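Each chain is listed here by its residues.
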Amino acid sequence: MKFTDSLKKNTDFRQVYRKGRSKSDRFIVLYVLPNDRDMNRLGISVSKKVGNSVVRHHLCRLVRESYRLHELSVSKGYDLVTVLRTNAKDADFHQIEASLLFLLKYHGLLE
């Protein structure tokens with residue numbers, strides 16, 4: 001069973017930026033917006049300022065894997081957009097994971 005879908009459309013991203021709540025730390029800015037569905041949708045945004053395509057894709061995979069490992073303990077029914085900051089390019093998996101968990105906990109999404 002699939003618990004999470006991904007945000008792909010620019011209009012969906014813009015809606016989460018405009019109407020959602022945000023919180024950030026050193027590595028990630030997390031935007032959260034309720035979506036009236038029984039699943040979450042995860043969007044990951046990494047600017048070209050962060051690094052080349054190899055670096056950006058690596059960071060996307062780290063965020064996706066961090067989320068996947070804790071997916072069952074995250075409340076359902078939200079659109080989540082993670083924006084990776086330039087500091088993230090020097091971070092390892094455990095730092096990205098800790099950052100994501102901290103922000104999910106702040107938003108009250110960890111059960």
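Reading the values: the criteria
Each residue is numbered by its place in its chain's sequence as written, counting from 1. Only residues with pLDDT of at least 70 get local features here, since the model is predicted, and only at 80 or more are side-chain atom pairs given and counted; chain-wide, interface and lining totals rely on the full set of residues. Excluding hydrogens and water, the side-chain values take into account all heavy atoms of the structure. Type-normalised accessible area, obtained with a 1.4 Å probe on protein chains alone, sets the label of each residue: buried when under 20%, exposed when over 50%, and partly exposed for intermediate values. Secondary structure elements are defined from DSSP: runs of H or I of at least 4 residues count as helices, runs of E of at least 2 residues count as strands, and each element is numbered from the N terminus. Taking the helix axis as origin, the arc is that swept by the directions to the C-beta atoms. Contacts are assigned to residue pairs that have any heavy atoms within 4.5 Å of one another. A cavity, in this analysis, means grid points on a 1 Å lattice covering only the protein atoms where a 1.4 Å probe fits yet has no way out; a pocket is instead an open set bounded by protein on both sides within 12 Å along at least five of seven lines, and a residue lines either one if it has an atom within 4 Å of a point. Grid points are joined across faces, edges and corners, and a volume is the space filled by probe spheres set on the points. In this classification, Asp, Glu, Lys and Arg are treated as charged, Ala, Val, Leu, Ile, Met, Phe, Trp, Tyr, Cys and Pro as nonpolar, and every other residue, Gly included, as polar. Strand pairing requires that DSSP identify at least two bridges connecting the strands. Every axis in this analysis is a line fitted to C-alpha atoms, fitted for helices over the stretch in contact. Angles between the N-to-C directions lie between 0 and 180 degrees. What counts as a salt bridge is simple: a side-chain nitrogen of Lys or Arg found within 4 Å of a carboxyl oxygen of Asp or Glu.

**Some thoughts on helix α1 (residues 10–19)**
Taken together, the buried positions of α1 are Asp-12, Phe-13 and Val-16. Looking straight down α1, one finds its buried side chains confined to an arc of 100°; they lie on one side. Projecting away from the buried face of α1 at angles above 90 degrees are the exposed residues Asn-10, Arg-18 and Lys-19. Close packing links the buried residues of α1 with β3 (28–34), β4 (40–46) and β5 (78–84).

**Re the layout of surface pockets**
Each pocket or cavity is described by its volume, and for the largest pocket that value is around 230 Å³. Forming the walls of the largest pocket are 14 residues, and the residues nearest its centre are Asp-5, Ser-6, Leu-42, Ile-44 and Arg-64. Going through the elements one at a time, β1 (4–6), β4 and α2 (53–70) are the ones with two or more residues in the lining of the largest pocket. For the lining of the largest pocket, the class distribution of residues is 5 nonpolar, 3 polar and 6 charged.

**A closer look at the sheet that holds strand β2 (residues 21–24)**
Pairing is mixed across the open sheet formed by 5 strands, whose spatial order is β1-β4-β5-β3-β2. One side of each edge strand has no neighbouring strand; the edge strands of this open sheet are β1 and β2. The mean angle between the axes of side-by-side strands here comes to 25°, regardless of whether they run parallel or antiparallel. Each of β1, β4 and β5 is contacted by α2, which is oriented at about 155° to β4, the strand it contacts most. Helix-sheet contacts for helix α3 (residues 93–106) involve β2, β3 and β5, and the interaxial angle to β3 is about 35°.

**Considering the pattern of salt bridges**
Overall, the coordinates contain 3 salt bridges when judged by the stated rule. In this structure, Asp-79 and Arg-41 form a salt bridge, with 2.8 Å as the shortest nitrogen-oxygen distance. On the criterion of sequence distance, the pair formed by Asp-79 in strand β5 and Arg-41 in strand β4 is long-range, its members being 38 residues apart. With respect to burial, Asp-79 and Arg-41 carry one shared label: buried. Across the salt bridge formed by Glu-65 and Arg-68, the nearest N and O atoms sit 2.7 Å from each other. With Glu-65 and Arg-68 both in helix α2 and 3 residues apart, this pair spans about one turn of that helix. Assessed through its relative accessible area of 29%, Glu-65 is described here as partly exposed.

Any functional reading would require information that these geometric values do not contain.
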